[in-house]
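# Summary of the model geometry
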Amino acid sequence: DIMREISGINEMEAQIKKRMQLQDVVIVPGNSDSTPWVKEELGRACAVSMKKRLIGKNIIAVTGGTTMAAVAETLTPDFTQKEVLFVPARGGIGEDVKNQANTICAKMAEQTGAKHRVLYVPDEVSKEVYQSFMREPAIKDVLNLISSANMVLHGIGDAITMAERRKTNQENMNKIIEAKAVGEAFGYYFNEEGEVVHKVKTIGLQLKDLAKTEHVIAVAGGASKAKAIRSYLRSAPHASVLITDEGAARELLKG
Ligand code: G3H
């Protein structure tokens, strides 16, 4: 529309798409750092992007975070007539309940009349626990669904903010700081060059799995997340779609 053209949003979308080699970029006006309802707009834009990409039967893997929670809030019963199953992308118990992927998937299913599955696994597991979880039939079942997801929705966080929110132990915290991590997604921490410098060991989706996922929709806004978004998009394989806001987009284009 005309407002988007005047404010240069269309042009910014085209530039970011080209620079980051993405299939699609959607920028909503405003900056979610300073204007809380901009996050709702990110949610709405994500819902539109999801809708466009639905097929007959869909498995949508979703991560945690406040942005994903905002996406869930914007979904409505008229979302789709198609078959949709929401699954948490990874184990994530440890975060605040309302920001956990399990809660968000349940909410998404409730809002749209779709189905969902849960993955009751902590976001950080020891090697022994990891191996015994992997033998659990109920968990294996969900893991199979996750690996056949045709769509992945996820947030991107500032590395230190996320490490603190996850109550990361001192040893890992030092590792993240020393390695100059700036971005986080799926429990992976990235430096400015987009290299993975730390990874939270949990079951479920791994970064390399994204290479075979048809649609990977990253949703992250706020000028404070620009560095994080850039670092994540520099890592390969990256998202196919970025939903962001003007605040983050302006900063992204400065770098
Ligand atoms: O897992 C968390 C995301 O990477 C970012 O979370 O949407 O609350 O900023 P957020």
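For the structure, see preceding data.
The text that follows walks through the structure, step by step, so that each part is easy to find. (Residues numbered from 1 in each chain as written. Predicted model: local features only at pLDDT ≥ 70, side-chain atom pairs only at ≥ 80, totals over all residues. Heavy atoms only, no water.)

## Here's the deal with the overall build of the chain
Assigned secondary structure in the chain consists of eleven helices and eleven strands. Its C-alpha radius of gyration of 17 Å places the chain within 12% of the 18 Å reference for a compact globule of 255 residues. Each of the three principal axes of the chain carries a C-alpha extent, and together these read 55 × 50 × 30 Å. Every one of the 255 residues in the chain was classed for burial, and the buried ones make up 55%. Within the chain, residue pairs in contact and separated by at least 24 positions form 72% of the contacts whose partners lie at least 6 positions apart. Taken as a whole, the chain presents about 11900 Å² of accessible surface, with 52% of it coming from carbon and sulfur. One way to put it: in the chain the 34 positive side-chain charges average out to a point 4 Å from where the 32 negative ones average out. (Helix = DSSP H or I, 4+ residues; strand = E, 2+ residues; numbered from the N terminus. Rg over C-alpha atoms; globule rule 2.2 N^0.38 Å. Buried < 20%, exposed > 50% of the residue type's maximum accessible area, 1.4 Å probe, protein only. Contact = heavy atoms within 4.5 Å. Areas by Shrake-Rupley, 256 points an atom, 1.4 Å probe, with all protein chains shown as cover. Lys, Arg positive; Asp, Glu negative; His and termini not counted. Charge placed at Lys NZ, Arg CZ, Asp CG, Glu CD.)

## Some points on helix α2 (residues 9–19)
The periodicity of an α-helix, 3.6 residues per turn, causes residues three or four places apart in sequence to face the same way. Listing the buried residues of α2 in full gives Ile-9, Met-12, Glu-13 and Ile-16. Projection of α2 onto a plane perpendicular to its axis shows the buried side chains occupying an angular sector of 100 degrees, all on one side. Looking at the packing, one finds that the buried side of α2 touches α1 (2–6), β1 (24–28), β11 (241–245) and α11 (246–254). Positive backbone phi, at 50 degrees, marks Gln-21, one or two positions downstream of α2. (Arc of directions from axis to C-beta.)

## Description of the packing of aromatic side chains
Overall, the coordinates contain one aromatic pair when judged by the stated rule. Ring geometry for Phe-190 versus Tyr-232: centroids 5.6 Å apart, planes at 70 degrees, classification edge-to-face. Residue Phe-190 is found in strand β8 (residues 188–191), and its partner Tyr-232 is found in helix α10 (residues 226–234); the two are separated by 42 residues along the sequence. You can call Tyr-232 buried: its relative accessible area is 0%. In this structure, Lys-201 packs its charged tip against the face of Tyr-130, placed 4.0 Å from the ring centre. (Phe/Tyr/Trp six-rings, centres within 6.5 Å; stacked < 30°, edge-to-face > 60°. Lys NZ or Arg CZ within 6 Å of the ring centre and 35° of its normal.)

## A few points about the sheet that holds strand β3 (residues 83–88)
Strand order in the open sheet made by the seven strands is β1-β11-β10-β5-β2-β3-β4, with parallel pairing throughout. Looking at strand neighbours, the two that pair on one side only are β1 and β4 (115–116), the edges of this open sheet. Bridge count for β1 against β11 is five bridges, and the pairing is parallel. Each bridged residue has a counterpart across the sheet, and for Val-25 the counterpart in β11 is Leu-242. Contacts between helix α3 (residues 37–52) and the sheet are confined to β1, β2 (57–62), β3, β5 (151–155), β10 (215–219) and β11, with β11 contributing the most and set at about 160 degrees to the helix. Of the strands in this sheet, β2, β3, β4 and β5 touch helix α5 (residues 101–112), which is tilted by about 165 degrees from β3. (Pairing = 2+ DSSP bridges. Axes fitted to C-alpha atoms, helices over the stretch in contact; angles between N-to-C directions.)

## A word on the site of the ligand
Around the ligand, the surrounding shell consists of Gly-64, Gly-65, Thr-66, Thr-67, Gly-155, Ile-156, Gly-157, Met-162, Arg-165, Arg-166, Glu-184 and Lys-225. Contact distances for the ligand include 2.5 Å between an oxygen atom and a side-chain N or O atom of Thr-66. A distance of 3.3 Å separates an oxygen atom of the ligand from a polar atom in the backbone of Gly-157. When the ligand is considered free in solution it has 300 Å² of accessible area, and contact with the protein chains removes 94% of it. (Near = heavy atom within 4 Å. Polar contact = N/O pair within 3.5 Å; in protein donor to acceptor, adjacent residues only side chain to side chain.)

The values are spatial; any link to function lies outside them.
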